[in-house]
Amino acid sequence: MFEDFINALQNFKQNKTRTFLSLLGVIIGVASVILITTLGQSATENVKKSFGSSGLDIIKISSGFMNRRSASGIQINESFRTELWENIENIKKIHFINNLSATLVYGDLSVNGSGVAIEHDYLQMYNFELEYGNFFSVTDNISGSQKIILGSEVAQALFPEGNALGKKIILISSNIRFGFEVVGVLKEQSGGMENPSTSVYIPRGFYSKKIQPNPIASSIVCQVTDQKLSTKVAENIKSYVEEKSGVENILNIMSMATFLEQYDQIMGTMTLLLSGVAAISLLVGGVGIMNIMIVTVTERKKEIGIRKALGASPRAIKLQFLVESATITLFGGFLGVIVGIALSGIVVFAMNWEFAIQWGACLLSFFFSAFVGVFFGLNPASRAAKLDPVAALSAE
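Rules behind the numbers
Residues numbered from 1 in each chain as written. Predicted model: local features only at pLDDT ≥ 70, side-chain atom pairs only at ≥ 80, totals over all residues. Heavy atoms only, no water. Axes fitted to C-alpha atoms, helices over the stretch in contact; angles between N-to-C directions. Helix = DSSP H or I, 4+ residues; strand = E, 2+ residues; numbered from the N terminus. Parallel < 35°, antiparallel > 145°, perpendicular 65-115°, else oblique. Left-handed = near helix turned anticlockwise from the far one by under 90°. Nonpolar A, V, L, I, M, F, W, Y, C, P; charged D, E, K, R; others polar. Phe/Tyr/Trp six-rings, centres within 6.5 Å; stacked < 30°, edge-to-face > 60°. Buried < 20%, exposed > 50% of the residue type's maximum accessible area, 1.4 Å probe, protein only. 1 Å grid on protein atoms, 1.4 Å probe; cavity = no way out; pocket = protein on both sides within 12 Å on 5 of 7 lines; lining within 4 Å. Points joined across faces, edges and corners; volume = space filled by probe spheres on them. Contact = heavy atoms within 4.5 Å. Arc of directions from axis to C-beta.

**Q** Let's hear about the packing of helix α12 (residues 314–351) against helix α13 (residues 359–386): which residues, and what values?
**A** Close contact between α12 and α13 brings their axes to 7 Å; oriented N to C, the two are set at 155°. Considering their axes alone, α12 and α13 lie roughly antiparallel with respect to each other. When you trace α12 past α13, the crossing you get is right-handed. Looking at the contact of α12 with α13 residue by residue, the class counts come to 18 nonpolar, seven polar and one charged.

**Q** Go over the packing of aromatic side chains, please, and point to the residues and values.
**A** What characterises a pair of aromatic rings is the spacing of the ring centres plus the angle enclosed by the ring planes. Scanning all chains against the criterion turns up 10 aromatic pairs. Note on F371 and F375: the rings are 5.9 Å apart at their centroids and 25° apart in plane angle, and the pair reads as stacked. Here F371 pairs with F375, and both are found in helix α13, just four residues apart, close to one helical turn. For F371, a relative accessible area of 48% gives the class partly exposed. In this structure an aromatic cluster arises from ring pairing among F368, F371, F375 and F376.

**Q** Lay out empty space enclosed by the protein with the relevant residues and their values.
**A** The full count for this structure, using the stated rule, is one cavity of 30 Å³ or more. Surrounding the largest cavity, I118, E119, H120, D121, Y122, L123, Q124, F135 and F136 form its lining. A total of three residues in the lining of the largest cavity trace back to one element, the largest contributor, which is helix α5 (residues 122–125). The residue inventory of the lining of the largest cavity, partitioned by class, reads five nonpolar, two polar and two charged.

**Q** Describe the side chain of S145, listing the residues and the values that go with them.
**A** With respect to the helices and strands, the residue S145 is situated in the loop between α6 (138–143) and β5 (147–150). Sequence-distant contacts of S145, that is, excluding residues within four places in its chain, are made with T139, D140, P203 and F206.

**Q** Quick rundown of the packing of helix α4 (residues 78–87) against helix α9 (residues 230–245)? Include the residues and the values.
**A** Closest axis-to-axis distance for the α4/α9 pair is 11 Å, and the angle between their directions is 120°. Viewed along their axes, α4 and α9 adopt a mutual orientation that is oblique. Two packed elements cross with a definite hand, and for α4 against α9 that hand is right-handed. In contact with F80, E83, L84 and N87 of α4, α9 contributes I237, Y240, V241 and K244. When the residues that make up the contact of α4 with α9 are grouped by side-chain class, the tally is five nonpolar, one polar and two charged.

**Q** So what's going on with α4? Residues and values would help.
**A** The complete set of buried residues in α4 reads F80, R81, E83 and L84. End-on, the buried residues of α4 take up no more than an arc of 160°, which puts them together on one face. Against β1 (58–63), β2 (91–106), β9 (219–224), α9 and β10 (251–255) lie the buried residues of α4.

Structure below.
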């Protein structure tokens, strides 16, 4: 077999143009598969990175469309919080929040932000970090302190000089003005379903006393004991509330982990589909190799006749041409892997994504190219093995 391999390399050297054209089809096919799978994986990793690691263990619950229409609607109050604790496993924390439109004013500067009335430890649950200052304490929430924590973009707009701590600002909501003291500024960061950069946070105790007495929460935010359980816990909550109310979609239950799982499935399906389309080019390249090998067999009839006259068996002749066919596709597959990785790196660099290559796809496309070479080389190799030595020697 090694001798057949050396002979194959010599034949390729003698027919450089033919060899290059044969290689080209395999290179394009393998490179296409690797490019598509790598871009798909890199895009997925880029989406995950944009959401950050925080928030993957969070489930957000809010009133759905059917909850507003149904007479048997579920109120997001303390009673419902207790029910969740008692009936749903693997919940670590439950926080109530209320959203409000907010315009922040400091001197001559003003900016619109998303106001969120939160309970103690809410920001820490998301693993948000402070640029400077302090989080709310339990006392701040209970007493309803007029303190506020600013997102990074809001702080930059109101305090370009960067010294917001201890400053008094005005929050306008529903045309009512409230005074707050800035006690903290958040770092610029991603939080999945929460966008802290453009948000401002006040104690929910203040909201329930001064803005909306005894409010029903806008949303419930639950933290699970393990982010791997987020999807399961979200499904359990959905089943519980539908069984309790007898109405589907009575609450909107959102989980970033569930969203990312669905995104992974969609991208995986799309990548598989496009890879299948790209792999067709490998088959087309295989057909080209088969045609070229048939021509090669025709051109080398005398060589085949001489080898048979000297005692070469049909199996040896068949193996010789199979090795040639497999060698050209192996070389093409190897070059295709290199070209595919290089092109993927260029595109990912240009898109400023994280480079995430699927080595499994590289190996699969490489070995598939070898299979294509053997499969499409069988017919020409069989023809060569079946040639009559007398007819082959007399061939022009």
